[in-house]
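A structural walkthrough
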Amino acid sequence: MDRPGLTDAPAGRAGAPSGGFGRLSFGFLAVSVVSGVALVPFYTPASAWDSLERIEGGLAWGFFLRALHAYSSFAVLVTAAIHIVQVLAAKTERQLPAGVWWRSVALLPVTVAALLGGFVLRGDAEAIAALAIWQRILESLPLVGVEAARLFLGSAPGDLGAAALHHAGTFTLILWLLTAEHAGRVYPDVRETVLAGLVSAALAGTIPLPLGAPPSASPAHLLGPWSLLGLQGALAVVPPWVGWVAPLELVVLLGLVRHGKGRGRKVLVALIALWAAGYAFFTVRALLVAR
Amino acid sequence: MFRTFAFVAALCAALLGLLTAAGREARREASVGRGPDRAGGRVERCVSCHAKESEDPGGAHARLALGCASCHLGNPLAFGKERAHEGLEREPGALSTVALTCGRADCHAREASRVATSPMLRNAGMVAVDRFAFGEIPSPDGRETIADVLAAAHPTPAQDHLRKLCAGCHLGTRRANRDDQIGGNGSGCAACHVARNLDEKPRRHPAVDSKVTDDRCFGCHSGSGRIALSYRGLVEVEKGEPFAHAAPDVHQAAGMACVDCHLHTDLMGDGTARTHKEDQVEITCEACHGPVREGGEKRWEEVSDEISKEILAREKRREEEDLLRKGKRGGGPPAAPDAATRLGTRGTPLINLLRKSSSSSSSSSPPSWLLVRKLDGVELPVKQTPHDRNHTLRGHERLTCSACHAAWVPTCDSCHTSFDASSSQWDYASGRETAGAWVEKPEVFSWAPPLLGVRADGRIVPAAPGMIFDVDATAAGGGRISRRLLTPTEPHTTGRRARTCESCHRAPPGPEFEAGTRTGFRGLNAAERRRVAAAWIDRVTP
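Residues numbered from 1 in each chain as written. Chains lettered and ligands numbered in written order. Predicted model: local features only at pLDDT ≥ 70, side-chain atom pairs only at ≥ 80, totals over all residues.

All right, on to the overall build of chain B then. Within chain B one finds 22 helices and 18 strands. Taken along the three principal axes of its C-alpha coordinates, chain B extends 130 × 70 × 35 Å. Relative to its full complement of 542 residues, chain B shows a buried share of 38%. In chain B, the share of contacts with a sequence separation of at least 24, taken over all contacts with a separation of at least 6, comes to 59%. (Helix = DSSP H or I, 4+ residues; strand = E, 2+ residues; numbered from the N terminus. Buried ≥ 20, exposed ≤ 12 C-beta atoms within 10 Å, placed from the backbone. Contact = placed C-beta atoms within 7 Å.)

Following this line, the structure appears as structure tokens:
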């Protein structure tokens, strides 16, 4: 950590490291982690649905705490995505060494995996469906599929212990480490963290975070986590292995951007834009089908 | 500058959020129940609010044993009313959700699946006879159920007639879609197994049990053949009300309820769909009173009906509990596997018919039987049919018991039915009033000894004018129909004394009927009537 932190550079100017939203993302991550730790005592993976009901209805300010955790976590992804767009637009990707860049790019799928874990931990009808889809995607990984599914999702049906462990432990730890390496500092900026906390509190207070249908219910349409709706829409028409190939494709394209120059970079950015457009299309499709 | 503005804006938004959340927290705190939140050894937060004694059905379905959600669905883990009531079933037992309520795997799945074949759900006989009477099908047989009728996209006049006049009693018709007479009953399982408490104030959660009292049957079975009225000795003298009094059925006079005779297979089906109710009903007079048909009496260990065996085992447990608690045995079926039982026509045992211990009677006398009333446990001696002159009269071999012992039957000599296109009527298919109304204008309600008819199998049974009606269905797309049909009936007016010989042998010729409401069923033809009359003349002429 002797490299100067990127977040120390001035933001919003040509050639600057485009760190405004990156710093904010780190701040949201801090809020998410703190609120998540506060929720841990009230959550039991073996009775996930009951835990959610208890947090939401039986615990003083539990609904607020849960919403704070959820919105700050969502904001990590949103601000990180905006940060990536900023970086691509400002062409500042070369400010990071190649290894750090690739590991920073890996933050994107890790963030999504952490969010998916949080979604699954709800234990409601949609979470159960999402868990089954996640399992099928993991199982479609060549050679290691079944073991990977067991590693991340556990082997006992209905027990979300493994998912909870990876959500609160593995993914959070990796996120923090890689973010710290990317930002060049172990802790987030205080101002950005306070700002992230205020925004999260505003969202948590004004927009109630609904609970889904009970696990025994069978709603006509089940929606996955908002960040993966594009994948849900696509998986309706493509085989499960696309579920890991498509995200891998985005990660590789983003990683290669740092190595591309001139026209090659333009092609890579265009492919990323195309990927994003396709994802947006399938997101809209999934929402329309659900309506 | 921008950052300062962003901070101020975020601070204001956060304060607004916290204020909103504080309001929500106050509402949450107020809506949380304060009672215990467990029932049956599991989390059941419904009971933390629904803690009043009046909200407890008691018995085997007691609130603290089953909770609420086992029957009413909803979300038993929720703390607030709104979420707890999501997906609530206000009418447990309704057949559209029965697989999740009464018929769930760990409760009454077997019974719920059998109800799918119950005549009370299918009403196939009623549909077939009505459509036959309207001239829409060639015979009074068919597999079309009332559910098919209710789902018909373009109903025929008969289907429309059924949808507007008859479908209210269909077990699949929900309570909110029923008429006043049976509005107190739920649908599906609840129609029979939930006590009616129409007038009770304040309203209590009704009992849910297998002690099906007659008032639960009355609503549906007081129409059409009016057997529920007749059983009580009531005669409808005008459409609906009021009643005249005739002799009640001898079984009713002895305090017996419908369920004391009718077997579970008669009522809930046995897995085989049949068109007409008499094909479904297993119980016969002979099953209790003899002479017992071959194979009509078995030892309990030979009985194959699982439901009866389970009831027996339950009664046995209850009896042992009584013995422990009160130091005496209660009434109930015998538990010994070698004890004898009598059977319905398809082998279902009469669990409340007990063979009396032979020690008190001589070995030469025929065994005597007791009937235990299911609702109150009172034991009644069951008289066996004597092998005397009255019961062995030559020429009467084909008569069923009720041909002589059915004292009377309600009669409605004519019924003019018309379709009034300018009016409206409740349509059970759509659950609302729709254009067009079927209007019945009966002429004379009365009661008289039943007519006799000949079944396809040659047995002579009580009969009544079944469909005597003149229908003007032109406004409904049909035509003018005039039918004179005879229907076989079990009037449920059994008398200890049989009807007199003269009531048959010197009966006036009576009306002619064009057909029966069952394939092969007919009234006595002219030659048979002459023979009956001649038999009387032979008897009284020196």
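The next point concerns the overall build of chain A. Secondary structure summary: chain A contains 11 helices and zero strands in total. From first element to last, N terminus to C terminus, chain A shows the α and β order α-α-α-α-α-α-α-α-α-α-α. Expected size for 291 residues packed as a compact globule is a radius of gyration near 19 Å; at 19 Å, chain A falls within 12% of this value. Looking at chain A alone, contacts between residues at least 24 apart form 75% of all its contacts between residues at least 6 apart. (Rg over C-alpha atoms; globule rule 2.2 N^0.38 Å.)

The pLDDT averaged across chain A works out to 89; a share of 93% of its residues lies at or above 70. Across residues 1-16 of chain A, confidence stays below pLDDT 50; counting only partners more than four residues off in sequence or on other chains, it has 26 contacts. (pLDDT = per-residue confidence, 0-100.)

Next up on the list: the sheet that holds strand β9 (residues 379-382) of chain B. All names here are of chain B. Across the sheet, which stays open at both edges, the three strands sit in the order β7-β8-β9 with antiparallel pairing between neighbours. Two strands in the sheet have a free side with no partner beyond their single neighbour: β7 (353-355) and β9. Strand-to-strand twist across the sheet, computed as the mean angle between neighbouring axes with direction ignored, equals 35°. (Pairing = 2+ DSSP bridges. Axes fitted to C-alpha atoms, helices over the stretch in contact; angles between N-to-C directions.)

Residues and elements named next belong to chain B. Look at the link from glycine 290 to proline 291: it is a cis peptide, with omega at -5°. Within the secondary structure layout, proline 291 lies in the loop between α18 (285-289) and β5 (297-299). A positive phi angle, near 50°, is found at asparagine 123, a position not held by glycine. With respect to the helices and strands, the residue asparagine 123 is situated in the loop between α7 (119-122) and α8 (124-133).

A separate point is the packing of helix α1 (residues 20-39) of chain A against helix α3 (residues 62-90) of chain A. Residue and element names in this part refer to chain A. Closest axis-to-axis distance for the α1/α3 pair is 8 Å, and the angle between their directions is 160°. Between α1 and α3, the angle falls in the class roughly antiparallel. Taken as a pair, α1 and α3 cross one another with a handedness that is left-handed. (Parallel < 35°, antiparallel > 145°, perpendicular 65-115°, else oblique. Left-handed = near helix turned anticlockwise from the far one by under 90°.)

Taken together, the 23 residues of chain B in the interface contact 21 residues of chain A. Sorting elements by how many residues they give to the side of chain B that touches chain A places helix α1 (residues 2-31) of chain B first, with 14 residues. Of the residues that constitute the side of chain B that touches chain A, the class distribution is 14 nonpolar, five polar and four charged. (Nonpolar A, V, L, I, M, F, W, Y, C, P; charged D, E, K, R; others polar.)

It is worth spelling out the packing of α1(A) against helix α8 (residues 190-206) of chain A at this point. Residues and elements named next belong to chain A. Between α1 and α8, whose axes approach to 8 Å, the crossing angle comes to 65°. At the point where α1 passes α8, the crossing takes the right-handed sense. Along its contact with α1, which presents Arg23, Leu24, Phe26, Gly27, Phe28, Ala30 and Val31, the element α8 presents Glu192, Thr193, Leu195, Ala196, Gly197 and Ser200. Here the contact of α1 with α8 is built from residues that sort into seven nonpolar, four polar and two charged.

Let us look at the environment of B:Gly33. Residue and element names in this part refer to chain B. By the element assignment, glycine 33 lies in the loop between α1 and β1 (38-39). Taking the number of C-beta atoms within 10 Å as the measure of exposure, glycine 33 has 18 and is therefore partly exposed. Expressed as a C-alpha distance, the spacing of glycine 33 and cysteine 46, which sit 13 residues apart in the sequence, is 8.2 Å.

Residue and element names in this part refer to chain B. In this structure, alanine 39 sits in strand β1. Classification of alanine 39 as buried rests on a count of 23 C-beta atoms within 10 Å. Each C-alpha atom, one on alanine 39 and one on proline 157, is 52 Å from the other, the two residues being 118 residues apart in sequence. Alanine 39 has contacts with Glu44, Val47, Arg63, Leu64, Ala65, Leu66 and Gly67, leaving out every residue within four places of it along the chain.

Bringing the pairing of strand β8 (residues 369-372) of chain B into the picture now. Residues in a regular strand project their side chains so that they alternate between the two faces of the sheet. Residue and element names in this part refer to chain B. With three bridges connecting them, β7 and β8 associate as antiparallel partners. When the sheet's bridge partners are listed, leucine 354 is paired in β8 with leucine 370. With four bridges joining them, β8 and β9 adopt antiparallel strand pairing. Looking at the pairing, leucine 370 lines up with proline 381 of β9. Taken together, β8 and the strand that follows it, β9, pair antiparallel across an intervening segment of six residues, in which glycine 377 is found at a positive phi of about 75°.

So, on to the nonpolar core. By size, the foremost hydrophobic cluster in this structure holds 86 residues, and its most contacted members are A:Tyr71, A:Val120, A:Trp134, A:Val199 and A:Ala204. Among the elements that line this core, the one with the most residues is α3(A), at 14 residues. For A:Trp134, the residues in contact, after removing those within four places along its chain, are A:Leu116, A:Val120 and A:Leu153. Core analysis: the next-biggest nonpolar cluster, separate from the first, contains 46 residues, B:Val127, B:Ala406, B:Ala429 and B:Phe469 among them. (Core = buried A, V, L, I, M, F, W, Y, C linked by C-beta atoms within 7 Å.)

Once that is clear, we can look at helix α7 (residues 161-183) of chain A. Residues and elements named next belong to chain A. Compared with an ideal rise of 1.5 Å per residue, which puts 23 residues at 33 Å, α7 spans 31 Å between its outermost C-alpha atoms and is within 8% of the ideal. At histidine 167, α7 shows its maximal kink, close to 35°. Regarding α7, the residues found buried are Ala163, Ala164, His166, His167, Ala168, Phe171, Thr172, Leu175, Thr179, His182 and Ala183. Looking at the buried positions of α7, the neighbouring elements they touch are α1, α4 (98-120) and α6 (145-153). (Expected span 1.5 Å × (residues − 1). Bend = angle between axes of the 7 residues up to and from the residue.)

What follows covers the pairing of strand β12 (residues 432-442) of chain B. Residues and elements named next belong to chain B. As paired elements, strand β11 (residues 415-427) and β12 share 10 bridges and run antiparallel to each other. When the sheet's bridge partners are listed, threonine 417 is paired in β12 with glutamate 440. What sits between β11 and β12 in their antiparallel hairpin is a turn of four residues, with glycine 431 showing a positive phi close to 70°.

This part is about the confidence of the model for chain B. Caution is warranted with low-pLDDT regions, since their predicted coordinates should not be read in detail. Residues and elements named next belong to chain B. Of all residues in chain B, 91% have pLDDT values of 70 or greater, and the mean over the chain is 87. When pLDDT is averaged over each helix and strand of chain B, the minimum, 78, is found for helix α19 (residues 306-326) and the maximum, 97, for helix α14 (residues 250-253). Across the interfaces of the predicted complex, the ipTM metric reaches 0.85, alongside a pTM of 0.81.

What follows concerns the environment of B:Arg432. Along the chain, B:Arg432 turns up in strand β12. Using a count of 10 C-beta atoms within 10 Å as the deciding quantity, one classes B:Arg432 as exposed.

Residues and elements named next belong to chain B. In terms of burial, helix α10 (residues 157-165) is a largely internal element, nine of the nine residues being buried. Along α10, the residues classified as buried are Pro157, Ala158, Gln159, Asp160, His161, Leu162, Arg163, Lys164 and Leu165. Residues of α10 that are buried sit in contact with α8, α9 (146-151), β11 and β12.

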